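Chain and residue survey
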Amino acid sequence: MAGNDQADDFDRARKIHRVLVMHYVEGLSQAEIAKRTGLSHPTVNRLVKEGHERGYVQIKVTSPLQPLFEIEQRLIARSSLSEAIVTPSASDQEDVNLANAGRAAADFLLSRLKDGDTICVSGGQGVGAVIAALAPSRAYDVTVVPATGGVQGKYFTDVNHLAAQLARKLQGRAFQIHAPVFAASRAERDVLLQVQTVREVLARARDGMAR
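Everything numeric in this text was worked out from a predicted model, so none of it was measured. (Residues numbered from 1 in each chain as written. Predicted model: local features only at pLDDT ≥ 70, side-chain atom pairs only at ≥ 80, totals over all residues. Heavy atoms only, no water.)

Description of the pattern of salt bridges
Summed over all chains, the structure comprises 10 salt bridges. Two residues, Arg-112 and Glu-83, come together in a salt bridge whose shortest N-O distance is 2.5 Å. Taken together, the residues span a long stretch of sequence, with Arg-112 in helix H5 (residues 94-112) and Glu-83 in the loop between helix H4 (66-77) and H5 at a distance of 29 residues. Residue Arg-112 is classed as partly exposed on the basis of its relative accessible area of 45%. The salt bridge involving Arg-138 is made with Asp-115; its shortest N-O contact spans 3.3 Å. Within this pair, whereas Arg-138 is found in the loop between helix H6 (125-133) and strand E2 (143-146), its partner Asp-115 is found in the loop between H5 and strand E1 (118-121), the two being separated by 23 residues in sequence. Looking at Asp-115, the relative accessible area reads 44%, which means it is partly exposed. Salt bridges linked by common partners bring Asp-9, Arg-12, Glu-50 and Arg-54 together as one network. (Salt bridge = Lys/Arg side-chain N within 4 Å of Asp/Glu carboxyl O. Helix = DSSP H or I, 4+ residues; strand = E, 2+ residues; numbered from the N terminus. Buried < 20%, exposed > 50% of the residue type's maximum accessible area, 1.4 Å probe, protein only.)

Quick look at the structure:
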């Protein structure tokens, strides 16, 4: 009886192997395998599934970008980030690399964005590069809120300017904050935080980041 069991298991393993080779190596669909072998489609499906359960199938993905993916995973593991995007430096020119990073971030933003979202932004060239690269295919019912104060004299990287630009591109709405990013003293900061419009904008930003 033991010999029969071993023979049956060998035949089963050979049948599974044959189906797996046809499916994963030769590229045949399960329906095509069923037609060629005379097995039913459900039987082919069960054999493929059993092959996975027995560990006969090992899928390995290789990519020239694998080092970047590994950096992303390390960033996630060592921080509070839930996701990270790393893009290669493709040029010696800083503006080209900034534009590439902006495109990667813009694509990621659009892949996650949904109506009703609140987007919190700071100022800076990086945020500007993301907004410049954005190419939404539809309007989004979103709110853009400054998460920091502004920088005097840096109009095109100022948080209010960027918030308005981003809202315009997404066809959403933007709030403005009328306070500097840095206060000269704790007392000056406390005074700014007493301004109702400043408090309201920062409260919206905190609420948006908490979601």
